[in-house]
Amino acid sequence: MDSLLNGFLQAFDLILHLDPALFGIMFLSLKVSGSALLIATAIGLPSGALLGLKRFPGRDLAISSVNTLMGLPPVVVGLFVYILLSRKGPLGFMGLLYSPSAMIIAQTILALPIVAALCHSAIVNVDPVIRQAARTLGATRNQETLAIIHEARYGIFSAVIAAFGRVMAEVGAILIVGGNIAGYTRVMTTTIALETDKGSFELAIALGIILLSISFTINAVLHRIQKKGMVRAA
Amino acid sequence: MKMLASHIRKEYAGRTVLKDCSCVFNGSGAYVLMGPNGCGKSTFLRICSLLERPDDGELEYWDDDKQLIHGLSLRRRMTLVLPRTGVFNSSVYHNVAYGLKVRGLSPGVLEERVDRSLAVVGLGHKKKQHALTLSSGETQRLGIARALAIGPEILFLDEPTASVDEENTAIIEEVIRMMKKEGTTTVIMTTHDKDQAERLADTLLFMTGGIIEERKP
């Protein structure tokens, strides 16, 4: 019990004194997950819109697949990216294994189906009368599509934030492809795992508190966005 | 702009909604189309406003002696106010500005026209309000303001007062009267209210069995 209390006290000390090691780890986490999220959104939003707005052969299969991939186990993604990037793998020549780039690739794969599937559902839930209204007001086909995406914007923000929550908290994939190298690929979740193993709880607890705070902020923002999207006449 | 619909036919899933609809809409005035529920009034308006294609028949639009080609620029000279308005999840202002934005109008012109349209339907004071918080009567008026902003030569109104109280109905009727007086817009509307039809119509049209008949009021 004493060690736990001590751990908490020292954790607060680290946070309050802006410990450089602690903040280095935090920034790398944000950088890796933020980059993965940017790429996943750049690909996932148009894909989700395509799935929601266009009719093409294999569309139902594509939707079911994307929905299934939302639940991809991170360790499996880690394994898959590891094989791709390992020296003997097809992309081994790029020398990316055990680098932040490898971690970004793995987290992009985890975030992409979440962004695509949730964007798709946000877009298909837009009332069809919106497209008609846009059309009656003189919109071109592309402007109609933009009107629908604009209408789904709160759902799209939620999708992006949900994906961010998932990759920030993820440990399996980045541990495998990043290797948890101090000062290079060590991020919050992998540090917590390592420090816990070592029995030195201060840093682990400090990072745990920060991670929880980030999670809390994400959820608070998500909740606000969802509330804003639900404005309806009383 | 003059419009001619001849021998319009439309089927949905094997059911013939419009059998043989022919009608001429001359430059101005108000045409009121009446008929039982499900007789095809809405479908006819959607076809005339180029929102849907007929299975058969001709639609011609004339500007003096020049026939106009079907396409975006023709579509933008008229508009249909849907019975369910289709309010965009944003401010009243943004809703009314939409039709002007898609036409690429400059912000200055845009603001002036939005203000004017909102004033006409009596929603000027609600400009900044979220459009989804309007009452159903106000929502219907918002739909009309959105249409007025783009200055249509033909304005189709599909049951503009169907789910609206007396006060809002009076405001909407007043707007239609004003447009009749200005004479730059042809108003083509549907209603179930016989008295309203007689109050507003220059030409009364009846639709039964997929055919349109004209009666002088």
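Preceding block: the structure.
In this report, the structure presented in the accompanying data block is examined.

Rules used in this analysis
Residues numbered from 1 in each chain as written. Chains lettered and ligands numbered in written order. Predicted model: local features only at pLDDT ≥ 70, side-chain atom pairs only at ≥ 80, totals over all residues. Contact = placed C-beta atoms within 7 Å. Helix = DSSP H or I, 4+ residues; strand = E, 2+ residues; numbered from the N terminus. Nonpolar A, V, L, I, M, F, W, Y, C, P; charged D, E, K, R; others polar. Pairing = 2+ DSSP bridges. Axes fitted to C-alpha atoms, helices over the stretch in contact; angles between N-to-C directions. Parallel < 35°, antiparallel > 145°, perpendicular 65-115°, else oblique. Left-handed = near helix turned anticlockwise from the far one by under 90°.

1. Section: the interface of chain B and chain A
And then number 1: Each partner contributes residues to the interface: chain B has 24 residues there, and chain A has 15 residues.
And then number 2: Among the elements of the structure, helix 2 (72–75), strand 6 (78–81) and helix 3 (92–101) of chain B are those that each provide at least two residues to the side of chain B that touches chain A.
And then number 3: Across the side of chain B that touches chain A, the residue classes break down as 10 nonpolar, nine polar and five charged.

2. A short note on the pairing of strand 1 (residues 2–12) of chain B
The side chains of a regular strand alternate, first on one face of the sheet and then on the other.
Residue and element names in this part refer to chain B.
And then number 1: The pairing of strand 1 with strand 4 (residues 56–63) spans six bridges and is antiparallel. Within strand 4, the position partnered with Met3 by the bridge is Tyr61.
And then number 2: As defined by bridge partners, strand 1 adjoins strand 2 (residues 15–25) across seven bridges and the pair is classed as antiparallel. From the neighbouring strand, Ala5 faces strand 2, where its bridge partner is Cys23.
And then number 3: The turn linking strand 1 back onto strand 2 is made up of two residues, and Ala13 within it adopts a positive phi angle of 45°.

3. Focus: the pairing of strand 9 (residues 203–208) of chain B
Residues and elements named next belong to chain B.
And then number 1: In terms of strand pairing, strand 3 (residues 29–34) meets strand 9 through four bridges, oriented parallel. Bridge assignment links Met34 to a residue of strand 9, and that residue is Phe206.
And then number 2: Sheet topology places strand 9 next to strand 10 (residues 211–215); five bridges connect them, and they run antiparallel. Its bridge partner lying in strand 10, Phe206 is registered against Glu213.
And then number 3: Between strand 9 and strand 10, which pair antiparallel and follow one another directly, the connecting turn spans two residues, one of which, Gly209, has a positive phi of 55°.

4. What about the packing of helix 4 (residues 74–85) of chain A against helix 5 (residues 100–124) of chain A?
All names here are of chain A.
And then number 1: Where helix 4 contacts helix 5, the two axes come as close as 10 Å, and the packing angle between them is 135°. For the element pair helix 4 / helix 5, the angle class is oblique. For the pair helix 4 and helix 5, the sense of crossing is right-handed. Between helix 4 and helix 5, the residues in contact are Pro74, Val77, Gly78, Val81 and Leu85 and Ala102, Ile105, Ala106, Ile109 and Leu110, respectively.
And then number 2: Split into classes, the residues belonging to the contact of helix 4 with helix 5 amount to nine nonpolar, one polar and no charged.

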